[in-house]
Amino acid sequence: QVSKPLEAPNNREWTSQEVIYSTARQGILYTMTQNRIVAFSSTGQLVGADFIAEPRQFQAILRTHNGLIVPSRRPEPGSLVNAGLRIARSIEREYRYQFYQLSPDCRIEGVFALPLLPQESVYGFAISGAVLFGTNKQTIAIGLPTGN
């Protein structure tokens, strides 16, 4: 156990969820559930948590020089391509993703959306000045603001 139980507000945003990813940076442990990121100090004290209001499905925590980039798939299944067709085998989906830029204490510093993707993402990597984000068929390089 990293810390004492977190005294969390009593609302649906803070329900208990499985940690699906964690990473550490400069003495801070970041834990991620499907829709919440919480940061703890090395002594177990709460450092911060995201307060992203809209629905989200976090994919990973990507570390940059100045903070974090968190890709999130929009919870809706995406828009159907040729939605009028009823042939199950020919229905294609498009997936919508947003990236949140978070400070080391999880404050939102920026949000940007990606173009619709024909497949679900399978990876994301932060490199100097950009994020590589991709599916099994394509990779997109997204430039970051200066300093990241």
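Heads up: the structure comes first, above all this text.
Keep in mind it's a predicted model, so treat the numbers as computed, not measured.

**Digging into the overall build of the protein chain**
Across its full length, the protein chain holds zero helices and 13 strands. Listing the helices and strands of the protein chain from first to last along the sequence gives β-β-β-β-β-β-β-β-β-β-β-β-β. Taken over 148 residues, the protein chain has a buried fraction of 40%. Within the protein chain, counting contacts between residues at least 6 apart in sequence, those at least 24 apart form 37% of the total. Surface summary for the protein chain: the accessible area is close to 8,900 Å², and the carbon and sulfur share equals 50%.

**What about the sheet that holds strand E5 (residues 62-63)?**
Taken in spatial order, the four strands make up an open sheet running E5-E6-E9-E10, and their pairing is antiparallel. With partners counted over all chains shown, the strands left at the sheet margins are E5 and strand E10 (108-113), one partner each. The pairing of strand E6 (residues 68-73) with strand E9 (residues 97-102) spans six bridges and is antiparallel. Along E9, the bridge assignment pairs Ser-72 with Gln-98.

**A word on unusual backbone geometry**
At Gln-26, a position not held by glycine, the phi torsion is positive, near 45°. Structurally, Gln-26 can be placed in the loop between strand E1 (21-25) and strand E2 (28-32). Phi angles above zero are rare outside glycine, and Cys-106 is one such case at about 75°. Relative to the helices and strands, Cys-106 is located in the loop between E9 and E10. Overall, Cys-106 belongs to the buried group, its relative accessible area being 1%.

Criteria and thresholds
Residues numbered from 1 in each chain as written. Predicted model: local features only at pLDDT ≥ 70, side-chain atom pairs only at ≥ 80, totals over all residues. Heavy atoms only, no water. Helix = DSSP H or I, 4+ residues; strand = E, 2+ residues; numbered from the N terminus. Buried < 20%, exposed > 50% of the residue type's maximum accessible area, 1.4 Å probe, protein only. Contact = heavy atoms within 4.5 Å. Areas by Shrake-Rupley, 256 points an atom, 1.4 Å probe, with all protein chains shown as cover. Pairing = 2+ DSSP bridges.

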